Amino acid sequence: MTQPPKQNRQLAGTDVRWRAMEALVAVDQGVAGSQAAVRQALDQKPELHGPDRGLVTELIYGVVRRQRALDAWIAQGATRGLFEMDPVALAALRLGAYQLAEMPRIPDFAAVDATVQACKAGLNKHSVGFVHAVLRNLAAQKRHQETALGDDLPAWLNHRIDRFAQRLHLDNAALHAAMRAQAPLHVSIPTRDPSVAEELLAQGVPLEALPVPGTYASSGGSLFQSEAFAQRRALAQDAGSAAIVRWIDAQPGMHVADLAAGRGIKSLGLAAAGAEVTAVDLQATRLVDAQALANTAGYPLAQVLAADLSQPIDLPKESFDVVLLDAPCSALGTLRRRPEVRHRRSAADLMRLNELQQKMAHQAAQLVRPGGLLVMATCSLAEEEGPLLFGQFLIDHTAFSRDSGGTSGERSWVQPLLDDQGDFASHPLCWGMDIFQATRLRKAV
């Protein structure tokens, strides 16, 4: 492929950094999460191609992931400090500092110049000059001494990772390193149809089968240009998330309620297994997305319901074979894919969320038929959103007991993901997965 003229490449570099700056402002102000911000940056016109798409993605995720350490370094060169700084200027400084410290393939002068040029689209002349001066100062520091950025996680969160590693008997240093790395791309095929994987491979999508049925590790972005992805026969879904659906082992004709269904990726997996799925969520707009996802894939949902799950749910009591409560949580287990979580959460959030989860779990229990299954899941590494949540529920609801679902034969894949209690706990050291915690609870007949 021939390279565009140098002038066009320069313009593309400026556009990439402006899009990244816009996205960083949106994430920093809570307007969007990092995943949504990346999608918006990539979907803008004119369309970015090849390396430019990869660069804008790396810049957004990288800056958000390293934001605490970048701010500490920037503060050394910004005499006015970061407090009440123009949000675009702050995003530009973080963007430039990240390139200087973490992207050695980009020359310092190019990192500074392209970032400053991008600033001119959204800052006054004085602010552009300020950004230029600070970035030049940082570049000079880098040339005269090694730039060692500090830790990118707060102390309370590091402590939580320590405790998770200890509870699951994991290598603590390896888990810390993995939680700071970029998450791999996982592909899930809801129907587990091997012909879909064969089709993707034939189209040049790299796939490596994982032990979780119907899941694969991939690389690059070719999945997103495939027909299978457009038709939702293949999904970008973390293998830990897909594993919870597989662990449920839904059968054709089962009545399943997916509570806090969100945009329906687990609902689709359950429907593809042949279950009659009722998706419930607080936000009706998410349910519209869930219906669209299921319809596109060819496995429509039986029903959707917008409801506050902390209150009695307007569904028949004891009428579901399986109830999945994918409870709202701190999302600490998804730090690699949603790096902004480290800036938005505090230790104080955990007990507040635990109280909400307990209320939802009580309402979910009312829907399970005698002999039926309740699966509670969170994408968190915190004990309050795992063992403590599950244990308290069992104390309060004596009709339920743990049921690991069997770990032999076709289900042997789940064995490495079960903790000492028989509960599910995925993590990056096992097949590169995000951290999910879940429990299977059987209701007495």
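Let me begin by describing the structure that accompanies this report.

Calculation rules
Every residue gets a number counted from 1 within its own chain, in the order that chain's sequence is written. This being a predicted model, a pLDDT of at least 70 is required before a residue's local features are given, and a value of 80 or more before pairs of side-chain atoms are given or counted; all residues contribute to the totals for chains, interfaces and linings. Based on all heavy atoms of the structure, the side-chain values leave hydrogens and waters out of the count. Runs of H or I in DSSP of at least four residues are treated as helices and runs of E of at least two as strands, each being numbered from the N terminus. Restricting the calculation to C-alpha atoms gives the radius of gyration, and the globule rule supplies 2.2 Å times the number of residues raised to the power 0.38. Relative accessible area decides the class of each residue, using a 1.4 Å probe on protein chains only: under 20% of the type maximum gives buried, over 50% gives exposed, and in between gives partly exposed. Where accessible areas are quoted, they stem from the Shrake-Rupley method and a 1.4 Å probe; at the residue level, only the protein chains shown are allowed to cover. In summary, the charge assignment counts Lys and Arg as positive and Asp and Glu as negative, without counting His or the chain termini. Charge coordinates come from a single atom per side chain, which is NZ of Lys, CZ of Arg, CG of Asp or CD of Glu. For a helix, the expected span equals 1.5 Å multiplied by the number of residues minus one. What the arc measures is the spread of directions leading from the helix axis to the C-beta atoms. By definition, residues are in contact when any of their heavy atoms lie within 4.5 Å. Between N-to-C directions, angles span 0 to 180 degrees; the directions come from axes that are lines fitted to C-alpha atoms, helices contributing only their stretch in contact. Our angle categories are set so that under 35 degrees counts as roughly parallel, over 145 as roughly antiparallel, 65 to 115 as roughly perpendicular, and the remainder as oblique. By definition, turning the near helix anticlockwise from the far helix through less than a right angle yields a left-handed crossing, and turning it clockwise yields a right-handed one. Two strands are said to pair when DSSP picks up at least two bridges between them. Pairing of aromatic rings covers Phe, Tyr and the six-membered ring of Trp, with a centre-to-centre limit of 6.5 Å; geometry is then stacked below 30 degrees between planes, edge-to-face above 60, and tilted otherwise. Take a side-chain nitrogen of Lys or Arg and a carboxyl oxygen of Asp or Glu: if they are within 4 Å of each other, that pair is a salt bridge. Distance and chemistry together define a polar contact, namely a pair of N or O atoms within 3.5 Å, with one atom able to donate a hydrogen and the other to accept it when in protein, and with adjacent residues in sequence counting only for side-chain atoms on both sides. Gly counts as polar in this scheme, as do all residues outside two lists: the nonpolar Ala, Val, Leu, Ile, Met, Phe, Trp, Tyr, Cys and Pro, and the charged Asp, Glu, Lys and Arg.

## Structural notes on the overall build of the protein
1) Next: Each helix and strand counted, the protein has 17 helices and twelve strands in total.
2) Next: For the protein, whose C-alpha radius of gyration is 23 Å, the value lies close to the compact-globule estimate of 22 Å for 445 residues.
3) Next: Principal axes of the C-alpha set define a box for the protein whose edges measure 70 × 45 × 40 Å.
4) Next: For the protein, buried positions account for 54% of its 445 residues.
5) Next: Per element, the accessible surface of the protein, about 19,500 Å² overall, is 52% carbon and sulfur.
6) Next: Computing the positive centroid from 44 side-chain charges and the negative centroid from 47, the protein places the two 5 Å apart.

## Some remarks on helix 14 (residues 284–297)
1) Next: Over its 14 residues, helix 14 runs 20 Å from end to end, which matches the ideal 20 Å to within 8%, given 1.5 Å per residue.
2) Next: Listed as buried for helix 14 are L287, A290, L293, A294 and A297. Projected down its long axis, helix 14 carries its buried residues within an arc of 120°, all on one side.
3) Next: Buried residues along helix 14 sit in contact with strand 4 (235–236), helix 13 (265–272), strand 6 (276–281) and strand 7 (303–306).
4) Next: Downstream of helix 14 by a residue or two, G298 has a phi angle that is positive, lying close to 90°.

## Details of the packing of helix 16 (residues 348–365) against helix 17 (residues 387–396)
Each pair of packed helices gets described by two things: the angle between the helix axes and the distance between those axes.
1) Next: Relative orientation of the contacting elements helix 16 and helix 17 amounts to 45°, with a least axis distance of 10 Å. For the element pair helix 16 / helix 17, the angle class is oblique. In this structure, helix 16 crosses over helix 17, and the sense of that crossing is right-handed. On the side of helix 16, the interface is formed by N354, Q357, Q358, A361, H362 and A365, while helix 17 contributes L388, L389, Q392 and F393.

## With respect to the side chain of S267
1) Next: Along the polypeptide, S267 turns up in helix 13.
2) Next: Those residues in contact with S267 that sit more than four places away from it in its chain are D258, A261, V277, A279 and L301.

## Let's talk about the sheet that holds strand 1 (residues 185–188)
1) Next: Strand order in the open sheet formed by four strands is 2-3-1-4, and the pairing between neighbours is antiparallel. The open sheet is flanked by strand 2 (208–209) and strand 4, the only strands paired with a single partner.
2) Next: Bridging between strand 1 and strand 3 (residues 215–218) involves four bridges; their strand directions are antiparallel. Its bridge partner being in strand 3, S188 is matched across the sheet by T215.

## Some thoughts on helix 16
1) Next: Counted at 1.5 Å a residue, the expected span for helix 16 with its 18 residues is 26 Å, and the 27 Å between its end C-alpha atoms agrees.
2) Next: Along helix 16, the residues classified as buried are D349, L350, L353, N354, Q357, Q358, M360, A361, Q363, A364 and A365.

## Comments concerning the packing of aromatic side chains
Here the distance between the centres and the angle between the planes together describe a pair of aromatic rings.
1) Next: On inspection of all chains with the given rule, the structure shows three aromatic pairs.
2) Next: When the ring of F224 is compared with that of F229, the centres are 5.1 Å apart and the planes differ by 85°; the resulting orientation is edge-to-face.
3) Next: When the centroid spacing of 5.4 Å and the interplanar angle of 65° are considered together, the rings of F393 and F400 count as edge-to-face.
4) Next: Residue F393 is classed as buried on the basis of its relative accessible area of 0%.

## Notes on the pattern of salt bridges
1) Next: The tally for this structure, following the rule as stated, stands at 26 salt bridges.
2) Next: For D152, the salt bridge goes to R180, with nearest N and O atoms at 3.4 Å. Separated by 28 residues along the polypeptide, D152 in the loop between helix 7 (125–144) and helix 8 (155–167) and R180 in the loop between helix 9 (172–179) and strand 1 bring together distant segments of the chain.
3) Next: With relative accessibility at 2%, the residue D152 sits in the buried group.
4) Next: Between K266 and D326 there is a salt bridge whose closest N-O contact spans 2.9 Å.

## Thoughts on the environment of A275
1) Next: Its location among the elements puts A275 in the loop between helix 13 and strand 6.
2) Next: Note on A275: relative accessible area 7%, which makes it buried.
3) Next: Remark: the alpha-carbon pair of A275 and Y299, spanning 24 residues in sequence, is separated by 9.6 Å.
4) Next: Every residue in contact with A275, bar those within four places of it in the chain, is listed here: A250, Q251, P252, G253, M254, V256 and L270.

## So, the side chain of R337
1) Next: Inspection of the secondary structure assignment puts R337 in the loop between strand 8 (320–326) and helix 15 (341–344).
2) Next: Polar contacts involving the side chain of R337 include one to the main-chain carbonyl oxygen of P184, which spans 2.9 Å.
3) Next: Within the structure, the side chain of R337 is placed 2.8 Å from the side chain of D434, a separation counted as a polar contact.
4) Next: If near-sequence neighbours (up to four positions away) are discounted, R337 is found in contact with S34, Q35, Y61, A183, P184, H186, D238 and D434.

## Thoughts on the packing of helix 8 against helix 9
1) Next: Close contact between helix 8 and helix 9 brings their axes to 9 Å; oriented N to C, the two are set at 130°. One way to sum up the angle between helix 8 and helix 9 is to call them oblique. Here helix 8 runs over helix 9; the crossing is right-handed. Facing helix 8, whose interface residues are N158, I161, D162, F164 and A165, helix 9 presents N172, L175, H176 and M179.
2) Next: Tallied by class, the residues present in the contact of helix 8 with helix 9 amount to five nonpolar, three polar and one charged.

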